[in-house]
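Here is what each chain is made of, one letter per residue.
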Amino acid sequence: MAAPKLLIERDTDSEEESSEEDEGEDVVHEAVDDDGEEKVEEEEKKEGAVVATKKEKNPITISLKKVCKVCKRTGHQAGFQGATYIDCPMKPCFLCKLHGHTTMTCPHRVAMEHGVVPAPPRNSGHSVDYVFKRQIKSNVPLIKPAFIIPDQVDCGVIRYHSRRITCLEFHPTNNDILLSGDKSGQLGVWDFNKVSEKTVYGNVHGCILNNMRFSSVNSGAVYASSSDGTVSYTDIETGISEPLVNLNPNGWRGPRNWRMLYGLDVNAEKGIVFAADSFGFLYTLDIRTNNQTGGPLRIHKKGSKVTGINCNPVHPELLLSCGNDHFARVWDIRRLETGTSLCELRHHRVVNSAYFSPQTGSKILTTAQDNRLRVWDSIFGNLDSPSRVIVHSHDFNRHLTAFRAEWDPKDPFESLVVVGRYISENYNGVALHPIDFIDVSTGRLVAEVMDPNITTISPVNKLHPRVDVLASGSSRSLYIWRPKYESQVVVVEEGDGRRILTCVQAKKSANRKGESDESDDDKVFSSTAKRSKHDASVKQKKS
């Protein structure tokens, strides 16, 4: 069937012609009154010339063919139509990256545990397992309890930051304090129990604040690494910040010479702060003096970004790093030298994050841009290949903070992880991006939590280490999730028991070219606000 064609006349020409015809009519009436037929003949000649010029100009012809935005071919369309994503038949599945099916019919979308081999029960009868259970996992119950999922928004701050949120960190001793960093380098301190008690320090860094860790000797201070090439030490009470490392002392000298710091972690046992840059180098600082010790050490491919650093919680001599050279590496800090890693964990694309399990430190969890979560069950076993590979949607093609799957620090079985989802789901005609809770021992999707009023993507998620709380950063806003039986009623504005606070900021005159920070926050909870106001008015009328 041929594609329909649409004929569009030139609007400007038709307007000119109509105006000329109107003028001609006026002249004709005047001519008849004065000289009669001679003037009429002249006007008829003018009208004939206008018609001739109209016939000479060709009309615009538009062919309404279906053109795919992905492959640029005709005959089909791809992309979002409303809340539904339509795949391009010429491309592989966006989720699992394999041919033969679309994203909507992908078996991994239907069942996340598809193709995943569950972890075998750890009961080999070996003496090492006996010691492992008695000393390290002595307080683990024999029967695995049900997971407690924070699945309802308890409170939040809309437009808390000026740019998108990049990292989150809970206070080590105060259960109600949450720290957040954003793309502009700001550091936020929020008491989410009181909602309105929030502070944003704008003088900490000059650009993206990538990672934060609290000091092991001072719970009122935090280390932070930034894309401005500095590691800062900030007092969260006063906001006074002290730069400890500056990789760009001479300022901007072009992109080839500008060093950015990404990975950051604190080794409390050894008293060391580790930081890694965008050129593949590792830096160390002494916690006692906050001074740099030794020189930079290359731990990843030269010129590649080290995206993450993580210290083992049980074996402090082990260090885990990952980068965009498609590798995650395990190091022994007692003999740190270039090329002396204990093992290399190969991936197919950029590795966004790599973490040891939080209680025993015996497992490894990585998040890569190939839409795969990889799990190694034992760092003392064979690390040539992962124990399980779980397909999950976190490969993105827009300006977002990278997705990072993180362990639940309270889970004694070390199997529950949380990660945001990129591909949206159609919930009653609204495209929502859920936050997924996954059991990595089986690959099963335990829960997907979402709120119909939060339509932005939530790539930054952090589970509380002591209470059943989830903090999520969605664009510029922060939300606190609790289990339904603990949550209060969620409404729009603060006051009268309301728990959502909206920050009013001046609108930007223009966005930078090529940047998108998702300005959908203005619409968040708007529908709930209308419903709550409508319900209040109905109650007043009834009373």
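Residues numbered from 1 in each chain as written. Predicted model: local features only at pLDDT ≥ 70, side-chain atom pairs only at ≥ 80, totals over all residues. Heavy atoms only, no water.

Asks: Looking at this structure, how should I read the overall build of the protein chain?
Replies: The helix and strand inventory of the protein chain stands at five helices and 36 strands. In the form shown here, the protein chain has an accessible surface area of approximately 28100 Å², with 50% of it arising from carbon and sulfur atoms. (Helix = DSSP H or I, 4+ residues; strand = E, 2+ residues; numbered from the N terminus. Areas by Shrake-Rupley, 256 points an atom, 1.4 Å probe, with all protein chains shown as cover.)

Asks: When you look at the confidence of the model for the protein chain in this model, what are you seeing that I'm missing?
Replies: Keep in mind that low pLDDT regions are not for reading the predicted coordinates in detail. Per-residue confidence for the protein chain averages 80 on the pLDDT scale, and 73% of its residues sit at or above 70. Counted against residues more than four places away or in other chains, residues 48–52, with its pLDDT under 50, gives two contacts. A low-confidence stretch, residues 489–498 stays under pLDDT 50, and its non-local contacts, those more than four residues away or across chains, total 23 contacts. (pLDDT = per-residue confidence, 0-100. Contact = heavy atoms within 4.5 Å.)

Asks: Can you walk me through the sheet that holds strand S21 (residues 327–332) in this structure?
Replies: The strands that make up a sheet pair up through hydrogen bonds in the backbone, lying either parallel or antiparallel. Spatially, S19-S20-S21-S22 is the arrangement adopted by the four strands of the open sheet, whose pairing is antiparallel. Strand pairing shows two members of the sheet lacking a second neighbour, strand S19 (306–311) and strand S22 (343–346), which therefore form its edges. Mean inter-strand twist for the sheet, computed between neighbouring axes without regard to direction, equals 20°. Bridge analysis of S21 against S22 gives four bridges, and the strand direction is antiparallel. When the bridges of S22 are listed, Arg329 appears paired with Glu344. (Pairing = 2+ DSSP bridges. Axes fitted to C-alpha atoms, helices over the stretch in contact; angles between N-to-C directions.)

Asks: Just to check I follow, could you spell out the pairing of strand S33 (residues 460–463) for this structure?
Replies: By the alternation rule, side chains of S33 split into Val460 and Lys462 and Asn461 and Leu463, which are all buried. The sheet contact formed by S33 and strand S34 (residues 470–474) spans four bridges and is antiparallel. When the sheet's bridge partners are listed, Val460 is paired in S34 with Gly473. Joining the antiparallel neighbours S33 and S34 is a turn of six residues. (Buried < 20%, exposed > 50% of the residue type's maximum accessible area, 1.4 Å probe, protein only.)

Asks: Quick question: what am I supposed to make of the pairing of strand S16 (residues 281–286) here?
Replies: Side chains on a regular strand alternate between the two faces of the sheet. Among the six residues of S16, six are classified as buried, and the element is accordingly described as predominantly covered. Burial along S16 is two-sided: the face carrying Phe281, Tyr283 and Leu285 and the face carrying Leu282, Thr284 and Asp286 are both buried. Here strand S15 (residues 272–277) runs beside S16; their pairing, made up of five bridges, is antiparallel. Following the sheet pairing, Val273 is matched in S16 by Leu285. In this antiparallel pair of consecutive strands, S15 and S16, the connection spans three residues, and Gly280 shows a positive phi of 90°. As defined by bridge partners, S16 adjoins strand S18 (residues 297–298) across two bridges and the pair is classed as antiparallel.

Asks: Got a minute to help me understand the nonpolar core in this structure?
Replies: One broad rule of soluble globular proteins: the nonpolar side chains tend to lie buried together. Leu365, Ile390, Phe403, Tyr422, Ile438 and Val440 are the most contacted members of the largest nonpolar core, which totals 24 residues. Where this core is concerned, the elements lending two or more residues are strand S25 (372–376), strand S26 (388–391) and strand S28 (416–420). Residues in contact with Phe403, not counting those within four places in the same chain, are Asn352, Thr367, His394, Phe396, Val419, Gly420, Arg421, Tyr422, Ile457, Ser458 and Pro459. (Core = buried A, V, L, I, M, F, W, Y, C linked by side-chain atoms within 4.5 Å.)

Asks: Hey, could you run me through the pattern of salt bridges in this one?
Replies: As a working rule, side chains carrying opposite charge can pair if their charged atoms are close by. Tallied over the entire structure, the rule returns 20 salt bridges. A salt bridge links Lys462 to Glu169; its shortest N-O distance comes to 3.5 Å. Of the two residues, Lys462 sits in strand S33 while Glu169 sits in strand S6 (residues 165–170), which places them 293 residues apart along the sequence. Judged by its relative accessible area of 15%, Lys462 falls in the buried class. Salt bridges sharing partners connect three or more residues here, namely Arg109, Arg421, Glu425, Asp436 and Glu448. (Salt bridge = Lys/Arg side-chain N within 4 Å of Asp/Glu carboxyl O.)

Asks: Could you clarify how one ought to interpret unusual backbone geometry in this entry?
Replies: The bulk of non-glycine residues show a negative phi, and the bulk of peptide bonds are trans. A positive phi angle, near 55°, is found at Arg159, a position not held by glycine. Tracing the sequence through the fold places Arg159 in the loop between strand S5 (152–158) and S6. Backbone geometry at His326 places phi at a positive 70°, although glycine is not the residue there. In this structure, His326 sits in the loop between strand S20 (318–323) and S21. For His326, a relative accessible area of 30% gives the class partly exposed.

Asks: In this structure, what is going on with the sheet that holds strand S24 (residues 364–368)? I would like to understand it.
Replies: The strand order S23-S24-S25-S26 describes an open sheet built from four strands, whose pairing is antiparallel. In this open sheet, the two strands that pair with only one neighbour each are strand S23 (351–356) and S26. Going across the sheet, the axis of each strand differs from the next one's by a mean of 15°, ignoring polarity. Where S24 and S25 come together, five bridges link them in antiparallel fashion. Bridge pairing links Leu365 to Val375 in S25.

Asks: Even after reading the chapter, I still don't get the side chain of Asn461, so can you show me in this structure?
Replies: With respect to the secondary-structure elements, Asn461 resides in strand S33. According to the relative accessible area criterion, Asn461 is buried, its value standing at 4%. A polar contact of 2.9 Å, which involves the side chain of Asn461, links it to the backbone oxygen of Ser458. Contact partners of Asn461, with chain neighbours within four places excluded, come to Glu406, Val418, Val419, Gly420, Ile435, Leu470, Ala471 and Ser472. (Polar contact = N/O pair within 3.5 Å; in protein donor to acceptor, adjacent residues only side chain to side chain.)

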